[in-house]
Amino acid sequence: MSIEIRKVTANIGAQVLGVDIAKPLDEETYTALREALNVHKALVFDDVNLDDAGQQAFVRHFGDLTTAHPTVPAVDGAPNVLPVDSERGRAANHWHTDVTFVLNPPQASTLRSLVLPPYGGETLITSSAAAYRQLPEPLRQLADTLWAEHTNDYDYAVPQEAVDEEQAAARAQFTSIKYRTVHPVVRVHPLTGERGLFIGGFAQRIVGLSPAESRKILDLLQAYVTRPENILRHRWSENQLVLFDNRITQHYAVDNYDGRPRRLHRVTVAGDIPVGIDGKESYSIEGDAAHYTPVAA
């Protein structure tokens, strides 16, 4: 087959045509997809005709799979598949990179559409590499020196009194194992050498600064990540799969569909330990994620 890569926006995203990802990939096809992912950060596949087993088989071309999540249950009978289901809550409507609170977050994530609302429910994906390039030089020099603590134990910026019983139970499950990990604010991509802002919703504190000081700096940097020109706004269709590089993107599930049913399935690829521009690796403070993910070489 002849693969065609159609760029979607200037800074992120491409549509992939001419490859049937329900079939095993030969080395040439895999290499082309990996290169496209390196360049475009997020790839969209239409009419994929996959079930859970097929999604996992495709994702395995890119590396070992993680289990579904460190604390959230998987799909019944599919321990590597996480249901992203509106009926289980809509906690992903904040900017984040998947599971950055563990030592080696996933290197790549896939989402596959199963049930879609009649309107809304888009997924936004943004390039943290473009954000880094856009920083003014003094701010870039500052970011290069910073490290941030990421944790799953936070409040989603929702007041406690606004959380109902079901949301409280979901939060308790999400934090049933507490994780705290320190990552470089500027991460070097291991395949491309690109630098990207490695922050997002789980980054709660800058090492050496107070929570208030940290929040101001993180908000300042995050404003570059979420510039409209850096964002792919993906409107889901039936039987689509989106693959994105979790090492150099953030994403956001838009809660704009009036509580209608929406279900995607997520499968992620085990990642390496992040490295900063000085060559130093991330380090764990609290929480063992060995049951969730191996460390990729």
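Residues numbered from 1 in each chain as written. Predicted model: local features only at pLDDT ≥ 70, side-chain atom pairs only at ≥ 80, totals over all residues. Heavy atoms only, no water.

Undergrad: Please explain the overall build of the protein chain as it appears in this structure.
TA: Looking only at helices and strands, the protein chain features six helices and 16 strands. Taken over the C-alpha trace, the protein chain has a radius of gyration of 18 Å; the compact-globule value for 297 residues is 19 Å, and the two agree within 12%. Each principal axis of the C-alpha distribution contributes one length, and for the protein chain these read about 55 × 45 × 35 Å. Relative to its 297 residues, the protein chain shows a buried fraction of 52%. For the protein chain, restricting intrachain contacts to residue pairs at least 6 apart in sequence, the fraction spanning at least 24 positions comes to 82%. Averaged over its 28 positive side-chain charges, the protein chain has a centre that lies 4 Å from the centre of its 38 negative ones. (Helix = DSSP H or I, 4+ residues; strand = E, 2+ residues; numbered from the N terminus. Rg over C-alpha atoms; globule rule 2.2 N^0.38 Å. Buried < 20%, exposed > 50% of the residue type's maximum accessible area, 1.4 Å probe, protein only. Contact = heavy atoms within 4.5 Å. Lys, Arg positive; Asp, Glu negative; His and termini not counted. Charge placed at Lys NZ, Arg CZ, Asp CG, Glu CD.)

Undergrad: Can you walk me through the side chain of threonine 268 in this structure?
TA: Within the element layout of this structure, threonine 268 appears in strand E15 (residues 263-269). For threonine 268, the contacting residues outside a window of four places in its chain are Val59, Asp64, Leu65, Thr66, Thr67, Asp98, Pro106, Ala108, Ser109 and Tyr292.

Undergrad: Where do I start with the nonpolar core in this structure?
TA: Taken as a class, soluble globular proteins show a tendency for nonpolar side chains to be buried jointly. By size, the foremost hydrophobic cluster in this structure holds 25 residues, and its most contacted members are Ile21, Leu43, Phe45, Phe58, Leu241 and Leu243. Counting residues per element, this core draws most heavily on helix H1 (residues 27-40), which supplies four residues. Contact partners of isoleucine 21, with chain neighbours within four places excluded, come to Phe45, Val48, Leu50, Phe58 and Leu241. Core analysis: the next-biggest nonpolar cluster, separate from the first, contains 17 residues, Ala131, Tyr132, Ile199 and Ala203 among them. (Core = buried A, V, L, I, M, F, W, Y, C linked by side-chain atoms within 4.5 Å.)

Undergrad: Help me understand the packing of aromatic side chains in this model?
TA: Two aromatic rings are characterised by how far apart their centres lie and by the angle between their planes. Tallying each qualifying case throughout the model produces eight aromatic pairs. Considering the side-chain rings of tryptophan 95 and tyrosine 252, the 5.4 Å spacing of their centres and the 55° angle between planes classify their relative orientation as tilted. In this pair, tryptophan 95 sits in the loop between strand E4 (82-85) and strand E5 (108-115) while tyrosine 252 sits in strand E14 (residues 249-253), placing the two residues 157 residues apart along the sequence. Given a relative accessible area of 23%, tyrosine 252 falls into the partly exposed group. An angle of 85° between the planes, with centres 5.0 Å apart, marks the rings of phenylalanine 101 and phenylalanine 202 as edge-to-face. (Phe/Tyr/Trp six-rings, centres within 6.5 Å; stacked < 30°, edge-to-face > 60°.)

Undergrad: Before we go on, may I ask you to explain unusual backbone geometry in this structure?
TA: A negative phi holds for most residues other than glycine; trans holds for most peptide bonds. Of note in this structure, valine 99 is not a glycine but carries a positive phi near 55°. Turning to its location among the elements, valine 99 is positioned in the loop between E4 and E5.

Undergrad: Which parts of the structure should I look at to understand the pattern of salt bridges?
TA: Taken as a whole and assessed by the stated rule, the structure comprises 17 salt bridges. In this structure, the salt-bridge partner of glutamate 4 is arginine 6, at a minimum N-O distance of 2.9 Å. You can call glutamate 4 partly exposed: its relative accessible area is 36%. Lysine 178 is the salt-bridge partner of aspartate 153, the closest N and O atoms lying 3.5 Å from each other. Here lysine 178 lies in the loop between helix H5 (165-174) and strand E8 (180-184) and aspartate 153 lies in the loop between strand E7 (147-151) and H5, a separation of 25 residues in the sequence. (Salt bridge = Lys/Arg side-chain N within 4 Å of Asp/Glu carboxyl O.)

Undergrad: Can you walk me through the pairing of strand E3 (residues 42-45) in this structure?
TA: Side chains on a regular strand alternate between the two faces of the sheet. Both faces of E3 are covered, namely the face carrying Ala42 and Val44 and the face carrying Leu43 and Phe45. By the bridge criterion, three bridges tie strand E2 (residues 14-17) to E3 in an arrangement that is parallel. Counted as the bridge partner of alanine 14 is leucine 43 from E3. Across four bridges, E3 lies against strand E13 (residues 241-245) in antiparallel orientation. In the sheet register, alanine 42 faces E13, and the bridge partner there is phenylalanine 244. (Pairing = 2+ DSSP bridges.)

Undergrad: Would you mind showing me how to read the environment of arginine 180 here?
TA: Within the secondary structure layout, arginine 180 lies in strand E8. The exposure class assigned to arginine 180 is partly exposed, which follows from its relative accessible area of 29%. The sequence separation of arginine 180 and isoleucine 248 amounts to 68 residues, and the corresponding C-alpha distance is 20 Å. When sequence neighbours within four positions are dropped, the list of residues in contact with arginine 180 reads Phe101, Glu149, His150, Thr151, Ser284, Ile285 and Glu286.

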